[in-house]
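Here's the letter readout for the chains.
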Number of protein chains: 2
Amino acid sequence: MRTINVDLGDRSYPILIGSGLLKDIAHYCAEAGFSERSPLLVVSDTEVAPRYLPALEEALRSHGYTVVSHIMTAGEASKSLAVYEEVMTTAIQAGLDRNSAVLALGGGVVGDLAGFVAATYMRGIGFLQIPTTILAHDSSVGGKVAVNHPLAKNMIGAFYQPSMVLYDLDTLRTLPARQVASGLAEVVKHGLLVDKEFAYWCRDHAEELLDLNVEALGYALERGCAIKADVVGNDEREHGLRAILNLGHTIGHAIEAVGGYGVFLHGEAIAIGMAGSALLAAKLGRDTSIYEDTVSMLSALSLPVRLPSEYDEDELMDAMMHDKKFKEGKMTFIVPDSIGSVSIVNDVQESLVREVLAELKKEERPW
Amino acid sequence: MRTINVDLGDRSYPILIGSGLLKDIAHYCAEAGFSERSPLLVVSDTEVAPRYLPALEEALRSHGYTVVSHIMTAGEASKSLAVYEEVMTTAIQAGLDRNSAVLALGGGVVGDLAGFVAATYMRGIGFLQIPTTILAHDSSVGGKVAVNHPLAKNMIGAFYQPSMVLYDLDTLRTLPARQVASGLAEVVKHGLLVDKEFAYWCRDHAEELLDLNVEALGYALERGCAIKADVVGNDEREHGLRAILNLGHTIGHAIEAVGGYGVFLHGEAIAIGMAGSALLAAKLGRDTSIYEDTVSMLSALSLPVRLPSEYDEDELMDAMMHDKKFKEGKMTFIVPDSIGSVSIVNDVQESLVREVLAELKKEERPW
């Protein structure tokens, strides 16, 4: 078992990565401080629940826990205030009290929504995350919990740290190939941000990662979580440094918003966004090899790097204007300076971003 | 001008109490650190907005601030997730960014809802409270922000401290008499909790308080805020001591839930609840003079102390089971030991609470 400690003072918590962790869920709940006298709420979705929920409930009940489960429809469309209210209703009807906890069994959507429920039910109760996707390695570190507003993604939320994250690698084996690649987009992103060696390692081990080789995947998740934990530990509430984690996300979120959540998977959308950031870097005078290498990494991981022609630049620009990275009238982008190093650029001109979007649709590059 | 500092480490903030503060709102916004480059959102309601919003907007705009306002229907029914989402929509459409702030202009409902918006818009932006009721002196200290769930009051929320509270006594002059009395219920509660002298002072100055005498009211608000700030400062997230602030609230919330929010004003409901707590105290062996004096104080302030006969005990008990004060299967009540001193009693039997409810409907007392 691999353990990463996310160091956030009195909100610190461990991430455990290994095989077969779920059968000991009651032990981990006790370790997280959850009392058997207060009901637990498991939030999961229609994809994940049939596979892992019955065993999870049984393991908890056989150790004296009272469990109620709420199963939402799988997919980003469930990350809404309407579903949030339904989960709240389940929690109230089940009699959850201040010593209760929410367990998120699923991917990033389940984690984000269940986390926002935990953050705001009775002004905050316990929270344990059980990510069942690779992508969720990213959202399970950092305490960002949220739901979407119809006008913009992740607009409603809080910073709320879990008591513990349990990463059972066995739950990843049934992931569809597209989901695997999508998750690896955030993994390689952490390399692109601060760890050149790890970024190239991801490219060189792309086949093993896509095949869910336990050794390679365990290492990649550990490294991805550790890098993110390090960044978050230095800037819990996103006043500065933490913003680098948004590499590829400004364009990526716009693609998701314009195309409709779920057309591109999140990792696919930010892969295109990261390619766009590398193009922007070239326009700002950085070496064009950054773009070439970024694209080679993403392509090795079976990720898209071009914007489909049906995406309208005006609509994408509009969506970005609603994005959180748009601050005080100027556009902010995370721009690579080299592989493994990025800058936060606060005064990117709108016209330059439009050019990047147009070029992202083309096969050939301007150099 | 009177100033109370709420001491919460890096979340500390001042409460300013005085006449004519609103005309200097731009100055206070600058002092709170709000940038003119980011839009401000004023949240108010249909009762308060016509009186004070135009001048507030003008004062802000003339100093270079961009302001957008959201006016909700006055009343507790607006403290819902539906209205919360509408305010979020206004905020997004107005382009509020991470350096923006929400100004709550109104009573407790406006403050609670606007505060929850501020706490969760982009995971938390600036928040300034401008209470326009006496009751709001209570909700403006302590950082509790929330909306109601149809099944239970204040069930969805967060702890989120404002940057500043501006109490302009001029805004209280147009309050209806019932609202004045309702607000004074929380004022005298603070005396009942920890300050015997202040509790009797409220009774002895009831007439001046009900007449909104500026000197008496300024002192009462200062003392009420200071007591609450002191309690909250010792227990920001309600792990222990802070629970004493719930005196009268378990029964009070049940009365509001069963009768429908808004039938009894909040202060009226908790006045009945405080009478109930004093009755419970007598049943638990405390001196019956606690009840007599509590009732004399509440009555002097024109507050109700008896439960109308149409309220069903079963329904009230059910409502309490959903209440946050119901923890791990036992009923918790704040019980006075004397005027100015209370205990948290964790193992109150259900049957005893039923007896209290029944007796609260009667004119005569069992002693």
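Values in this document were obtained by computation on a predicted structure and should not be read as measured data.

## Examining the overall build of chain A
Helix and strand content of chain A: 14 helices and 12 strands. Compactness check: chain A gives a C-alpha radius of gyration of 20 Å against a globular reference of 21 Å for 367 residues, within 12% of the reference. Here the C-alpha coordinates of chain A stretch approximately 65 × 40 × 35 Å along the principal axes. When the 367 residues of chain A are sorted by exposure, 62% land in the buried category. Contacts in chain A between residues far apart in sequence, at least 24 positions, make up 76% of those at least 6 positions apart. A total accessible area of about 13000 Å² is found for chain A, and carbon and sulfur atoms account for 47% of it.

## Here's the deal with unusual backbone geometry
All names here are of chain A. Positive phi, close to 65 degrees, is recorded for Arg-123, a residue that is not glycine. By relative accessible area, Arg-123 is classed as buried at 5%. Not every positive phi belongs to a glycine, and Leu-212 is a case in point at roughly 60 degrees. By the element assignment, Leu-212 lies in the loop between helix H8 (206-210) and helix H9 (214-233).

## Considering helix H10 (residues 249-259) of chain B
Helical periodicity: at 3.6 residues per turn, an α-helix aligns residues three or four positions apart in one direction. All names here are of chain B. Within H10, eight of the 11 residues are buried, which leaves the element mostly enclosed by the surrounding structure. Among the residues of H10, those classed as buried are His-249, Thr-250, Ile-251, Gly-252, His-253, Ala-254, Ile-255 and Glu-256. Looking at the buried residues of H10, the elements they touch are strand S8 (152-159), helix H6 (177-194), helix H11 (266-283), helix H13 (313-321), strand S11 (330-338) and helix H14 (350-360). The first or second residue beyond H10 is Gly-260, which carries a positive phi of 95 degrees.

## Thoughts on the sheet that holds strand S4 (residues 67-72) of chain A
Residue and element names in this part refer to chain A. Spatially, S1-S2-S9-S6-S5-S3-S4 is the arrangement adopted by the seven strands of the open sheet, whose pairing is mixed. Single-partner strands in this sheet number two, and they are strand S1 (2-6) and S4. Put simply, the sheet's adjacent strands are angled 15 degrees from each other on average, direction ignored. Two strands pair when backbone bridges link them, and strand S3 (residues 40-45) and strand S5 (residues 101-106) are joined in this way by four bridges, in the parallel orientation. Looking at the pairing, Val-42 lines up with Leu-103 of S5. Strand contacts of helix H3 (residues 81-93): S3 and S4, with the helix running at about 165 degrees to S4, the strand carrying the most contacts.

## Quick word on the sheet that holds strand S5 (residues 101-106) of chain B
Residue and element names in this part refer to chain B. The strand order across the open sheet built from seven strands is S1-S2-S9-S6-S5-S3-S4, with neighbouring strands paired in mixed fashion. Looking along the sheet, the strands with just one partner apiece sit at the ends: strand S1 (2-6) and strand S4 (67-72). Taking each pair of neighbouring strands and ignoring which way they run, the sheet shows an average axis angle of 15 degrees. Across the sheet, helix H4 (residues 108-120) is in contact with strand S3 (40-45), S4, S5 and strand S6 (126-131); its angle to S5 comes to roughly 170 degrees.

## What to know about H3 of chain A
Residues and elements named next belong to chain A. When the terminal C-alpha atoms of H3 are compared, their 18 Å separation across 13 residues agrees well with the 18 Å that a helix rising 1.5 Å per residue should span. Listed in full, the buried residues belonging to H3 are Leu-81, Val-83, Tyr-84, Val-87, Met-88, Thr-90, Ala-91 and Ile-92. Gly-95 sits one or two residues past H3 and shows a positive phi near 75 degrees.

## Observations concerning the relation of the copies chain B and chain A
In the superposition of chain B on chain A (RMSD 0.0 Å, axial shift 0.0 Å), the rotation amounts to 180 degrees. Within this description, the copies of the chain are treated as partners about a two-fold rotation axis. Proximity to the rotation axis, assessed at the C-alpha, singles out Leu-81 of chain B in chain B; its C-alpha lies 4.1 Å from the axis.

## Thoughts on the packing of H11 of chain B against helix H12 (residues 288-300) of chain B
The angle between the axes and the distance between the axes are what describe a pair of packed helices. Residue and element names in this part refer to chain B. Put simply, H11 and H12 touch, their axes get as near as 7 Å, and they point 165 degrees apart. Judged by the angle between their axes, H11 and H12 are roughly antiparallel. Where H11 crosses over H12, the handedness of that crossing is left-handed. The residues of H12 that touch H11, namely those facing Ala-271, Met-274, Ala-275, Ala-278, Leu-279 and Ala-282, are Thr-288, Ile-290, Tyr-291, Thr-294, Val-295 and Leu-298.

## Describing the domain arrangement of chain A
Residue and element names in this part refer to chain A. Once the domains are mapped, chain A shows domain 1 (2-172) and domain 2 (177-360). Centre-to-centre, using C-alpha coordinates, domain 1 lies 26 Å away from domain 2. Between domain 1 and domain 2 lies a buried interface of about 2900 Å² when both sides are counted; carbon and sulfur atoms form 64% of it. It is Arg-2, Ile-134 and Lys-153 in domain 1 that bury the most area against domain 2; as a group they hold 22% of the surface buried on that side. At the junction of domain 1 with domain 2, the criterion picks out five salt bridges. The closest approach of N and O atoms between Glu-215 and Arg-2, which form a salt bridge, is 2.9 Å. On the surface where domain 1 and domain 2 come into contact, there are eight residue pairs in polar contact (both at pLDDT 80 or more).

## Side note on the interface of chain B and chain A
Counting residues at the interface gives 38 residues for chain B and 38 residues for chain A. Linking chain B to chain A there are zero salt bridges. In this structure, the connection of chain B to chain A is made through eight residue pairs in polar contact (both at pLDDT 80 or more). Those elements that place two or more of their residues in the side of chain B that touches chain A are helix H3 (81-93), H4, strand S7 (144-149), S8 and strand S10 (326-327) of chain B. With seven residues, the single largest contributor to the side of chain B that touches chain A is H3 of chain B.

Conventions we followed
- Once a new chain begins, its residue numbering starts again from 1 and follows that chain's sequence as written.
- Here chains are named by letter from A upward and ligands by number from 1 upward, in the order in which they appear as written.
- Local features in a predicted model are, by the rule used here, given only for residues with pLDDT of at least 70; side-chain atom pairs are given and counted only at 80 or more, and totals for whole chains, interfaces and linings are based on all residues.
- Side-chain figures throughout are based on the complete set of non-hydrogen atoms in the structure, without hydrogens or water.
- Runs of E in the DSSP output that reach at least two residues are strands. Runs of H or I that reach at least four are helices, and both are numbered from the N terminus.
- We compute the radius of gyration over the C-alpha atoms and compare it with the globule rule, which gives 2.2 Å times the number of residues raised to the power 0.38.
- Classification of residues uses two cut-offs on accessible area relative to the type maximum, computed with a 1.4 Å probe and protein chains only: under 20% is buried, over 50% is exposed, and between them is partly exposed.
- Residue contacts are defined here by distance: any two heavy atoms, one from each residue, within 4.5 Å place the two residues in contact.
- To measure how exposed things are, a 1.4 Å probe is used in the Shrake-Rupley method; for residues, cover is taken only from the protein chains shown.
- At least two DSSP bridges between two strands are required for those strands to pair.
- Here an angle of 0 to 180 degrees is reported between the N-to-C directions of two axes, which are lines fitted to C-alpha atoms, with helices fitted over the stretch in contact.
- For a helix, the expected span equals 1.5 Å multiplied by the residue count minus one.
- Superposing copies: least-squares fit, C-alpha atoms only, residues required to have pLDDT of at least 70 in both.
- Oblique is the label for every angle not falling under 35 degrees (roughly parallel), over 145 degrees (roughly antiparallel), or within 65 to 115 degrees (roughly perpendicular).
- Two helices cross in a left-handed way if the nearer one is turned anticlockwise from the farther one by less than a right angle. They cross in a right-handed way if the turn is clockwise.
- An automatic or database domain assignment supplies the residue ranges for each domain.
- Here the quantity called buried area is the total loss of accessible area, with a 1.4 Å probe, experienced by two parts when brought into contact, counted for both.
- We count a salt bridge whenever a side-chain nitrogen from Lys or Arg sits within 4 Å of a carboxyl oxygen from Asp or Glu.
- Polar contacts, as counted here, are pairs of nitrogen or oxygen atoms within 3.5 Å of one another; within protein the pair requires one atom able to donate a hydrogen and one able to accept it, and residues that are adjacent in sequence qualify only if both atoms are side-chain atoms.

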